[in-house]
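These are the residues of each chain, in order.
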Amino acid sequence: MIASVRGKVAAVSLSTAIVEVGGIGIELLCTPNTLATLRTGDEAHLPTSLVVREDSLTLFGFTDTDERTLFELLQTASGVGPKLAQAMLAVLSPDGIRLAIAGEDAKTLTKVPGIGQKGAQRIILELKDRIGAPTGTASAPVPATAAAPWRDQVTEALVGLGYNARDADKAVTAIEPEAGDQANISLLLRAALRTLSKA
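Conventions and cut-offs
Residues numbered from 1 in each chain as written. Predicted model: local features only at pLDDT ≥ 70, side-chain atom pairs only at ≥ 80, totals over all residues. Heavy atoms only, no water. Buried < 20%, exposed > 50% of the residue type's maximum accessible area, 1.4 Å probe, protein only. Helix = DSSP H or I, 4+ residues; strand = E, 2+ residues; numbered from the N terminus. Contact = heavy atoms within 4.5 Å. Pairing = 2+ DSSP bridges. Core = buried A, V, L, I, M, F, W, Y, C linked by side-chain atoms within 4.5 Å. Patch = residues over 30% accessible without salt bridge, like charges linked within 9 Å, V, L, I, M, F, W, Y side chains within 5 Å. Areas by Shrake-Rupley, 256 points an atom, 1.4 Å probe, with all protein chains shown as cover. Salt bridge = Lys/Arg side-chain N within 4 Å of Asp/Glu carboxyl O. Lys, Arg positive; Asp, Glu negative; His and termini not counted. Charge placed at Lys NZ, Arg CZ, Asp CG, Glu CD. pLDDT = per-residue confidence, 0-100. Axes fitted to C-alpha atoms, helices over the stretch in contact; angles between N-to-C directions. Parallel < 35°, antiparallel > 145°, perpendicular 65-115°, else oblique. Nonpolar A, V, L, I, M, F, W, Y, C, P; charged D, E, K, R; others polar. Expected span 1.5 Å × (residues − 1). Left-handed = near helix turned anticlockwise from the far one by under 90°.

K.L.:
Teacher, can you tell me more about helix α4 (residues 94-102) here?
P.N.:
Turning to α4, its buried residues number three or more, namely P94, D95, I97, R98, A100 and I101. Next to the buried residues of α4 lie α2 (65-74), α3 (82-91), α5 (106-109) and α6 (117-127).

K.L.:
Where do I start with the pairing of strand β3 (residues 24-29) in this structure?
P.N.:
The pairing of strand β2 (residues 16-21) with β3 spans 6 bridges and is classified as antiparallel. Residue pairing in the sheet places T16 in a bridge with L29 of β3. The antiparallel hairpin formed by β2 and β3 contains 2 residues in its connecting segment, where G22 sits at a positive phi of about 60°.

K.L.:
Sorry, what's going on with the environment of T40 here?
P.N.:
Structurally, T40 is set in the loop between α1 (32-35) and β4 (43-53). In this structure the C-alpha to C-alpha distance between T40 and D169, which are 129 residues apart in sequence, comes to 26 Å.

K.L.:
Would you take a moment to explain the nonpolar core for this structure?
P.N.:
The tendency in soluble globular proteins is for nonpolar side chains to be buried as a group. Core analysis: the biggest nonpolar cluster contains 47 residues, and L74, L109, V154 and L158 have the highest contact counts within it. The residues contacting L109, other than those within four sequence positions of it, are M88, L92, A100, I101, I115, A120, I123 and I124. Counting 11 residues, the second largest nonpolar core, distinct from the first, contains V19, L35, L38 and A44.

K.L.:
Looking at this structure, I do not really get a positive patch on the surface. What am I missing?
P.N.:
Positive charge collects at one region of the surface, where K107, K111, R194 and K198 lie side by side. Within the secondary structure, K107 sits in helix α5.

K.L.:
In this structure, what is going on with the confidence of the model for the protein? I would like to understand it.
P.N.:
When pLDDT is low, close inspection of the predicted coordinates is not appropriate. Of all residues in the protein, 91% have pLDDT values of 70 or greater, and the mean over the chain is 86. Across the protein, β3 holds the top mean pLDDT of 96, while helix α7 (residues 150-160) sits lowest at 78. Note that pLDDT drops below 50 for residues 138-148; the model gives that stretch 20 contacts with residues more than four away or on any other chain.

K.L.:
How do you make sense of the pattern of salt bridges when you look at a structure like this?
P.N.:
According to the stated counting rule, one finds 3 salt bridges in the structure shown. Between D66 and R98 there is a salt bridge, with its nearest N and O atoms 2.5 Å apart. With D66 in helix α2 and R98 in helix α4, the pair connects residues that are 32 residues apart, well separated along the chain. Residues K128 and E104 are paired through a salt bridge, measuring 2.4 Å at the closest nitrogen-oxygen approach. Of this pair, K128 sits in the loop between α6 and α7 while E104 sits in the loop between α4 and α5; the two residues are 24 residues apart in sequence, bridging distant segments of the chain. Judged by its relative accessible area of 34%, K128 is partly exposed. E104 gets classed as partly exposed once you look at its relative accessible area, which sits at 49%.

K.L.:
Help me out: how do you make sense of the packing of α2 against α4 in this one?
P.N.:
Between two packed helices, what matters for the description is the angle formed by their axes and the separation of those axes. Following both chains from N to C, one finds α2 and α4 inclined at 40°, their axes separated by 10 Å at the closest point. Comparing the axis directions of α2 and α4 gives the class oblique. For the pair formed by α2 and α4, the contact residues are D66, E67, L70 and L74 on the first element and P94, I97, R98 and I101 on the second. Partitioned by chemical class, the residues of the contact of α2 with α4 number 5 nonpolar, no polar and 3 charged.

K.L.:
Just to check I follow, could you spell out helix α9 (residues 185-198) for this structure?
P.N.:
For α9, with 14 residues, the first-to-last C-alpha span of 20 Å sits near the 20 Å given by 1.5 Å per residue. Here α9 has its buried residues at I185, S186, L188, L189, A191, A192, L193 and L196. Against α1, α3, α7 and α8 (165-179) lie the buried residues of α9.

K.L.:
Looking at this structure, how should I read the packing of α7 against α8?
P.N.:
Remark: α7 packs on α8, axes separated minimally by 9 Å, with the N-to-C direction vectors making an angle of 140°. Here α8 runs oblique to α7, going by the angle between their axes. When you trace α7 past α8, the crossing you get is right-handed. Along its contact with α7, which presents W150, R151, V154, T155, L158 and V159, the element α8 presents A165, A168, D169, A171, V172, T173, I175, E176 and A179.

Below you can see the structure in the form of structure tokens.
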């Protein structure tokens, strides 16, 4: 298993990063918050989780080991695959997920596209005794730079979470006044999700 990668960031797209390790470019699927911490040309060290399927090998990258641990734990719940686990981490912080599950707050979990009331209750039932207490160590979201336009990042993240492009674009337009000069991708993504949940 590939537990982490360290190397120069060769490229950052709307949903992936490529890190050069020993002359090999390794593609990592990451949440918008993780991608916002990466800069092309900089050195990066990312904890990773390798998901093996019959027809694919997919490497997921994380801001820290806490995110990776939670990503892997979430997948032990019935009906939660890697894509849904990553969506949960895109919408909620690790401690936000822990608090929702420990507090049996199904409403918060249903903010994640793909999780309905029954799914949220099942996740709570299966993980409540194993999720652990909030760690309080979540790293602060990093503002996006001009090299990574926040509109594109947030729109792509919403589409990746299952919304259609038109609804995603409307939500992004609705939250534009909140962006300011230094757009915080993680906070803007959550604001856009709130807008969509009200629609």
